[in-house]
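Close look at the chain arrangement
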Amino acid sequence: MTEGADRAGSDDSVRPFQVDVPEAELTELRRRIDATRWPERETVTDDSQGVRLATMQELARYWATEYDWRKCEGKLKALPHFLTEIDGLDIHFIHVRSQREDALPLIVTHGWPGSIIEQLKIIEPLTSPTAHGASAQDAFHLVVPSLPGHGFSAKPATTGWDPPRIARAWVVLMKRLGYTRFVAQGGDWGAAVTQAMGVQAAPELLGIHSNMPGTAPAEINKAVQRGDPPPPDLSAEERRAYEQLSNFFAKHVAYAQIMGTRPQTLYGLADSPADLAAFMLDHGDGTGQPGLVEKALEGHLQSALTRDDILDNITLYWLTNTGVSTARLYWENKADFFDAKPISIPFAISVFPDELYQAPRSWAERAYPHNLIHYNKLDRGGHFAAWEQPDLFAAEMRAAFRSLR
């Protein structure tokens, strides 16, 4: 489908990669959308049973008749893409160097159901800050990799590619690109990988940032998963976070449980565009998806996220046939997401109001008493912060890492 995608490197070379989707694949996608066999509508008047039939049928209509993948492909082609083999696996990444030679190298990792599409809007603001009203001293050299089994990276044929292994691979990648000092950022799976990098504390890694940080004390992390009532001594901020985490584990984690236990069973993600789209849209965040997605599809969301953005991402999953391979990361993972981690290097945290939970400052300071270099609460944005609020996100990156330059 794309030049070089199936050719494994034999050494540590970095090879150019070009996105080039044959028209026949887009024709087949539209055919499959049109051939969808729909179920009856939900028996409720809200999204409590999942993505509503009317939402999916309207999305399918637009996807098959009006959506243009070539616009997204054009944006991707305008960027420098590469492949390199690490630990036997071809890793894809975008690498954009700032014109400022002393810019700080930054590796940004996406999550699920995301991809490099999430980061496209932050590339210019981070690499060319003066064009976006920021100081030249805040420039970054930016590396945006595709997780193994995601996007244009190769799909692991054996087990073992969990977040700690990916974290080690990212250090190899940055050093291979010639960076001897760098920082890392991530949300969702990107948070798991980035925080694993923080735990491993490679000497080249100056610090990390997360918009979905692990801050919960151990006893809290266990209690929310058991469904225990909140302890009586929590502050108002802590109680809200406790209730958000409890609600997530009680009502919004089913998608992760099926992928974490039976990823191979999800054949529909490879066979049906409608099934793939519905499963990806039903990923819950703090605003309560699929309601968030419905607002974006209708153009009512107060963010930069659009209907085409959402379909760009889903279409990338379809064209690379990565519905099942991305699900396997949940099966590989053995660590919790929200508990405080044994991280001793500088750690920066941004709290967006529509994230799965708003990490309380008290938990962050308790977890990282000597290395919390930045903590800020934003007034808008959610789980896909870079995608939804690229300007805010870029400003957070500049502030978070300024002390490490």
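Quick caveat: nothing in here was measured; it's all calculated off a predicted structure.

**Notes on the confidence of the model for the protein**
Here the protein averages 93 in pLDDT, while 94% of its residues score no lower than 70. Across residues 3–9, where pLDDT falls below 50, the model places 15 contacts with residues more than four positions away in sequence or in other chains.

**Side note on unusual backbone geometry**
Residue Pro113 is reached from Trp112 by a cis peptide bond, and omega for that bond is 5°. Of note, Pro113 is situated in the loop between strand 4 (104–109) and helix 4 (123–127). Within the chain, Ala201 stands out as a residue other than glycine whose phi angle is a positive 50°. Of note, Ala201 is situated in the loop between helix 6 (189–200) and strand 7 (205–210). Using a relative accessible area of 29% as the deciding quantity, one classes Ala201 as partly exposed. Residues other than glycine seldom take positive phi values, yet Asn321 does so here, at roughly 50°.

**Side note on the side chain of Asn371**
With respect to the helices and strands, Asn371 occurs in the loop between helix 15 (361–367) and strand 9 (372–377). For Asn371, a relative accessible area of 7% corresponds to the buried category. Within the structure, Asn371 has its side chain in polar contact with the backbone oxygen of Ile345 (distance 2.7 Å). Among residues more than four places away in sequence, those in contact with Asn371 are Ile343, Ser344, Ile345, Pro346 and Phe347.

**Description of the sheet that holds strand 3 (residues 89–96)**
Strand order across the open sheet formed by 9 strands is 1-2-3-5-4-6-7-8-9, with mixed pairing between neighbours. Strands with a single pairing partner mark the edges of an open sheet, and in this sheet they are strand 1 (14–17) and strand 9. Across the sheet, the mean angle from the axis of one strand to that of its neighbour is 25°, orientation sign disregarded. Across 4 bridges, the pairing between strand 3 and strand 5 (residues 140–145) is antiparallel. Each bridged residue has a counterpart across the sheet, and for Ile94 the counterpart in strand 5 is Val144. Contacts from helix 5 (residues 163–176) reach strand 1, strand 2 (81–86), strand 3, strand 4, strand 5 and strand 6 (182–186) within the one sheet, and its direction differs from that of strand 2 by about 120°.

Conventions adopted
Residues numbered from 1 in each chain as written. Predicted model: local features only at pLDDT ≥ 70, side-chain atom pairs only at ≥ 80, totals over all residues. Heavy atoms only, no water. pLDDT = per-residue confidence, 0-100. Contact = heavy atoms within 4.5 Å. Helix = DSSP H or I, 4+ residues; strand = E, 2+ residues; numbered from the N terminus. Buried < 20%, exposed > 50% of the residue type's maximum accessible area, 1.4 Å probe, protein only. Polar contact = N/O pair within 3.5 Å; in protein donor to acceptor, adjacent residues only side chain to side chain. Pairing = 2+ DSSP bridges. Axes fitted to C-alpha atoms, helices over the stretch in contact; angles between N-to-C directions.

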